[in-house]
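A look at the structure
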Amino acid sequence: MRLIRALQIAPRASFATIANALGHSEAAVRRRYRRLCADGVVRIAGVANPGASGQSRWLVRVRCRPGSAAAIAGALAKRADVSWVALAAAGSEITCAVRSRSAEQRENLLGQRLPRTAAVLDVNASVMLRQFVGGRAHYWAALRGTLTPEEESALGGAESPFPESPVVAADPVRLTEADEGMLNLLAADGRASQVDLAAAADLTPGRAGRRLQTLLRHRVVHVDVEIAPAALGYHARANLWLRVHPSAIKSVGRTLAEEPGIAFAAAISGPYNLNAVAHCRDLDELFEFSTERIGALSGVQSMELSPLHQQVKQAGTLVYEDRLGPRPDQEVSSDSSSTEPPGRTRRARR
């Protein structure tokens, strides 16, 4: 837990820096990190933010025919532009996050491929309007207090690196070929060395380091510490779909961001105007948390609690039996246009 918290604060810090802050040897920290990765507990990856390039992000609920959801979820998880996939409603509903790098890519999935898949009964897509917690802030509150203030300060401080912000940047960043090279490498390894980043971008190490800092500062990419929830004892997960009075959306969203059990919260379009992902230790804790902590918030008018039946993909990583597996493009092509949701297709209704 202490090493995971240290990585959250400084995911690209050297093992020597982390060891010095935690009071362990560099070799011990390195071994422990490699064990956590090998066991599928932790993975560090660079996650690109399409909003920095002017593209919106969407939360999608897909209702499927019985027995078909798992195969469709698996196909969606292999797409590079789908970053989070889970089965809910006893396995008959898929919830996913679509973060396409272009409007054409998004329309190809939401407007054509999914609606034409015979096993898909209904597609409900909501655009994200404001993100309150997510990305590198994942489990930030849950692990607060694991390290002392002095230990956190030695790693660079304890302030959340992912504060509330607009989803789409007002001044989009234009990515260069060098940027794309670095983003691809960071997606595979968020702790890739500056020398390796320079080689991927065809830049000198100094220029690559400066450009990476620019990309991080403009939130073109964030270095995410992905964690397997079950490894930390969180076995009950659920989507919370909230109807909140418009005047209370900001206050409710900000309150959720401070809750240890909330890993993600965002204002969205549609009848449910706020979505959150809750992680609890068991169903009883989930019940108490959703009724006493969330249901009692001023402004919350109604809530649909949808337990997650199975996590299929988390950020950029496939999940196998509650453990983080290899990246999807290590198994199949990362070209999102090559992956068709399974099932006999039909002509879309006009």
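The numbering scheme is per chain: residues are counted from 1 as the chain's sequence reads. Per-residue local features of the predicted model are confined to residues with pLDDT of at least 70, and side-chain atom pairs are confined, for both listing and counting, to 80 or more; whole-chain, interface and lining totals are unaffected and use all residues. Only hydrogens and water are set aside; all other atoms, that is, all heavy atoms of the structure, feed into the side-chain values.

So, on to the nonpolar core. Side-chain atoms within 4.5 Å are what join buried Ala, Val, Leu, Ile, Met, Phe, Trp, Tyr and Cys residues into a set we call a nonpolar core. Buried, partly exposed and exposed residues are distinguished by accessible area as a fraction of the type maximum, computed with a 1.4 Å probe on protein chains only: under 20%, between the cut-offs, and over 50%, respectively. Core analysis: the largest hydrophobic core is formed by 26 residues, its most contacted members being L3, I4, L7, I18, V42, I44 and L155. Secondary structure elements follow DSSP: runs of H or I no shorter than four residues count as helices, runs of E no shorter than two count as strands, and numbering proceeds from the N terminus. Those elements giving two or more residues to this core turn out to be α1 (2-9), α2 (15-22), α3 (26-38), β1 (42-48) and β7 (221-227). Throughout, a contact is declared for two residues whenever any of their heavy atoms are within 4.5 Å. I18 has contacts with L3, A6, L7, A10, A13, V29, L155 and R191, leaving out every residue within four places of it along the chain. F132, A238, I249 and F289 belong to the second largest nonpolar core, which has 24 residues in total.

Strand pairing is assigned whenever DSSP identifies at least 2 bridges connecting the two strands. Pairing geometry for strand β2 (residues 58-64) and strand β5 (residues 120-133), over 7 bridges, is antiparallel. In the sheet register, R61 faces β5, and the bridge partner there is N124. Taken together, the 4 bridges between β5 and strand β9 (residues 262-268) define a ladder with antiparallel strand orientation. Bridge assignment links M128 to a residue of β9, and that residue is I268. Relative to strand β6 (residues 165-166), β5 is paired through 2 bridges, and the arrangement is antiparallel. Across the sheet, the residue bridging to R130 is P166, located in β6.

Quick look at the environment of V252 now. Along the polypeptide, V252 turns up in helix α10 (residues 249-257). Along the chain, V252 and L274 lie 22 residues apart, while their C-alpha atoms are 8.8 Å from each other. Apart from residues lying up to four places away in sequence, V252 is in contact with L242, V244, L274, L297, S298 and V300.

Another aspect to go through is the packing of α2 against α3. With axes taken as lines fitted to C-alpha atoms, and helix axes fitted only over the stretch in contact, angles between N-to-C directions fall between 0 and 180 degrees. Across the interface, α2 lies against α3 with an axial gap of 8 Å and an inter-helix angle of 110°. Between α2 and α3, the angle falls in the class roughly perpendicular. Contacts between α2 and α3 involve F15, A16, I18 and A19 from the former and E26, V29, R30 and Y33 from the latter. Amino acid classes used here: Ala, Val, Leu, Ile, Met, Phe, Trp, Tyr, Cys and Pro are nonpolar; Asp, Glu, Lys and Arg are charged; the rest, including Gly, are polar. Among the residues making up the contact of α2 with α3, the classes are represented as 6 nonpolar, no polar and 2 charged. Roughly parallel refers to an angle under 35 degrees, roughly antiparallel to one over 145, roughly perpendicular to one between 65 and 115, and oblique to any angle outside these ranges.

With 7 of 7 residues buried, β7 lies mostly within the body of the structure. Because side chains alternate across β7, one face comprises the buried residues V221, V223, V225 and I227, and the other comprises H222, D224 and E226, equally buried.

The next subject is helix α9 (residues 205-217). Taking 1.5 Å as the rise per residue, α9 with 13 residues should run 18 Å; its terminal C-alpha atoms sit 18 Å apart, in good agreement. Every buried residue of α9 is listed here: A208, G209, L212, T214 and L215. Looking at the buried side of α9, the elements it contacts are α7 (177-188), α8 (194-201) and β7. Phi for R219, located one or two positions after α9, is positive at around 60°. Here the expected length of a helix is defined as 1.5 Å per residue gap, with one fewer gap than residues.

To continue, consider the packing of aromatic side chains. The pairing test for Phe, Tyr and Trp rings, Trp by its six-membered ring, is centres within 6.5 Å, and the orientation test on the planes gives stacked under 30 degrees, edge-to-face over 60, and tilted for anything in between. According to the stated counting rule, one finds 1 aromatic pair in the structure shown. Considering the side-chain rings of F15 and Y33, the 5.5 Å spacing of their centres and the 55° angle between planes classify their relative orientation as tilted. Within this pair, whereas F15 is found in helix α2, its partner Y33 is found in helix α3, the two being separated by 18 residues in sequence. Each member of the pair, F15 as well as Y33, carries the same accessibility label: buried. Whether a charge sits over a ring depends on NZ of Lys or CZ of Arg being within 6 Å of the ring centre and within 35 degrees of the ring normal. The ring of Y234 has R281 lying over it, and the distance from NZ or CZ to the ring centre is 4.8 Å.

Let's shift gears to the packing of α8 against α9. Closest axis-to-axis distance for the α8/α9 pair is 8 Å, and the angle between their directions is 95°. By the criterion of interaxial angle, the relationship of α8 to α9 is roughly perpendicular. On the side of α8, the interface is formed by Q194, L197 and A198, while α9 contributes P205, G206, A208, G209 and L212. Tallied by class, the residues present in the contact of α8 with α9 amount to 5 nonpolar, 3 polar and no charged.

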